[in-house]
Amino acid sequence: MSNFDIFIGEVTGTALLILLGGGVVAAVVLKRSKAHNAGWVAISFGWGFAVMVGAYLSAPISGALLNPAVTIGLAIEGGVAWGDVPLYIGSQMLGAMIGAFLVWAAYLGQFKAHLTDPEILAAQPAAEGLVDQKAAPQAGPVLGVFSTGPEVRNVVQNMLTEIIATFVLVIAILTQGLNNSGDGLGTIGVLITSFVVVGIGLSLGGPTGYAINPARDLGPRIVHALLPLPNKGGSDWSYAWIPVVAPLIGAALAGGYYNLALA
């Protein structure tokens, strides 16, 4: 793969992943959406299909890593050169931000209706025009469309949940999803990985919303902070480091375990 292949494949694939994944959350969360209140099962399957679309597009180009945690896991396992890791991760971050912007564009009317709804404003004080930013809510009323957040805010528990969930994702990819070259997902591996993501969402997604991907969480969180959304509230930066650090730890553990016990 050339550097251009890695860049184009990872940017495009990650953008589609976030567009469809964030899109299903927007569809379920925003009040004026036809899929409002469709529930967690819809979100879990939506993210699985999002992985499938983004990965099938980018697998022949860049290997469809689409995730800094997967990139680190493959680098430890040996399938990806460490020298390529910064390009992969930078491309994934850019793609995630593009995808989040497209979710906002696709649901612009719903965002505006949701964030001006009296019930929403009554439930969560508006942050618009707030002078003292420390008084702003930790998580705004639409932040969940862009990034994850815990149901029970406990650093140790939240870290452990994300580490375990990412370990499951990466070990499944290393043992079941790689192509013949070992540097990305294969044709059947994309399908397997997509269903693994659905399974993680249904089984392990309840506590934190299963980021399992630092770019998926951090890139859209930055977009949320920058977008001109009225009454959007805070971006919960006090939590933002957990869905970055914990998946990287989980991926490193998975890569190390694979080399020690399964290779």
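Since we're looking at a predicted model, the values are computed, not measured. (Residues numbered from 1 in each chain as written. Predicted model: local features only at pLDDT ≥ 70, side-chain atom pairs only at ≥ 80, totals over all residues. Heavy atoms only, no water.)

1. What to know about the overall build of the protein
Tallying secondary structure elements over the protein gives 11 helices and 0 strands in all. Listing the helices and strands of the protein from first to last along the sequence gives α-α-α-α-α-α-α-α-α-α-α. Over its C-alpha atoms the protein spans a radius of gyration of 18 Å, differing by no more than 12% from the 18 Å that the globule rule assigns to 263 residues. Based on the C-alpha atoms only, the size of the protein along its principal axes is roughly 55 × 35 × 30 Å. Relative to all contacts within the protein whose residues are 6 or more apart in sequence, the contacts with residues 24 or more apart total 79%. Accessible surface for the protein amounts to roughly 11,100 Å². Of this, 67% is attributable to carbon and sulfur atoms. Measuring between centres, the 9 positive side-chain charges of the protein sit 13 Å from its 13 negative side-chain charges. (Helix = DSSP H or I, 4+ residues; strand = E, 2+ residues; numbered from the N terminus. Rg over C-alpha atoms; globule rule 2.2 N^0.38 Å. Contact = heavy atoms within 4.5 Å. Areas by Shrake-Rupley, 256 points an atom, 1.4 Å probe, with all protein chains shown as cover. Lys, Arg positive; Asp, Glu negative; His and termini not counted. Charge placed at Lys NZ, Arg CZ, Asp CG, Glu CD.)

2. Focus on a nonpolar patch on the surface
A cluster of nonpolar side chains, contributed by W40, V41, F45, F49, Y56, L191, F195 and L202, occupies part of the molecular surface with about 740 Å² of accessible area. Elements with a contribution of two residues or more to the nonpolar patch: α2 (40-62) and α9 (187-204). By relative accessible area, L191 is classed as partly exposed at 33%. (Patch = residues over 30% accessible without salt bridge, like charges linked within 9 Å, V, L, I, M, F, W, Y side chains within 5 Å. Salt bridge = Lys/Arg side-chain N within 4 Å of Asp/Glu carboxyl O. Buried < 20%, exposed > 50% of the residue type's maximum accessible area, 1.4 Å probe, protein only.)

3. A few points about the side chain of D217
Within the element layout of this structure, D217 appears in helix α10 (residues 214-226). Of the polar contacts made by the side chain of D217, one reaches the side chain of R221; its length is 2.7 Å. The residues touching D217, leaving out its near neighbours within four places in the chain, are F146, S147, T148, A211 and P243. (Polar contact = N/O pair within 3.5 Å; in protein donor to acceptor, adjacent residues only side chain to side chain.)

4. With respect to the pattern of salt bridges
Inspection of the entire model under this criterion finds 4 salt bridges. Ionic pairing is found between E119 and K31, a salt bridge with its closest N-O pair at 3.2 Å. Placement of E119 in helix α6 (residues 118-123) and of K31 in the loop between α1 (3-29) and α2 is noted, with a sequence separation of 88 residues between them. Sharing partners across several salt bridges, the network here consists of K31, D117 and E119.

5. Observations regarding the confidence of the model for the protein
Fine structural detail should not be taken from predicted coordinates in areas where pLDDT scores are low. Residue-level pLDDT values for the protein average 93, and 95% of them are 70 or greater. The low-confidence segment residues 126-136 (pLDDT under 50) makes 9 contacts with residues lying over four places distant or belonging to another chain. (pLDDT = per-residue confidence, 0-100.)

6. Here's the deal with the packing of α1 against helix α4 (residues 85-106)
Remark: α1 packs on α4, axes separated minimally by 7 Å, with the N-to-C direction vectors making an angle of 35°. The two elements α1 and α4 meet at a crossing, and its hand is right-handed. Where α1 abuts α4, its residues N3, I6, F7, E10, V11, T14, A15, I18, L19, G22, G23 and A26 lie against L87, Y88, S91, Q92, L94, G95, A96, I98, G99, A100, L102 and V103. (Axes fitted to C-alpha atoms, helices over the stretch in contact; angles between N-to-C directions. Left-handed = near helix turned anticlockwise from the far one by under 90°.)

7. Concerning the packing of helix α3 (residues 68-77) against helix α11 (residues 242-262)
Orientation of α3 relative to α11, taken along the N-to-C sense of each, is 25°, at an axis distance of 8 Å. By the angle between their axes, α3 is roughly parallel relative to α11. Helix-helix and strand crossings are classified by hand; for α3 and α11 the assignment is right-handed. In this structure, α3 contributes P68, A69, I72, G73, I76 and E77 to the contact, and α11 contributes P247, L248, A251, A252, G255, G256, Y258 and N259. Looking at side-chain class alone, the contact of α3 with α11 contains 9 nonpolar, 4 polar and 1 charged residues. (Parallel < 35°, antiparallel > 145°, perpendicular 65-115°, else oblique. Nonpolar A, V, L, I, M, F, W, Y, C, P; charged D, E, K, R; others polar.)

8. Let's talk about α2
Since the α-helix advances by 3.6 residues per turn, residues separated by three or four positions end up pointing in the same direction. Compared with the 33 Å implied by 1.5 Å per residue over 23 residues, the 31 Å span of α2 between its first and last C-alpha is a close match. Along α2, the sharpest change in direction is near 35° and occurs at Y56; proline P60 comes one to four residues later. Taken residue by residue, α2 has I43, S44, G46, W47, G48, A50, V51, G54, A55, S58, A59 and S62 as its buried positions. Considering only its buried residues, α2 is in contact with α1, α4, α9 and α10. (Expected span 1.5 Å × (residues − 1). Bend = angle between axes of the 7 residues up to and from the residue.)

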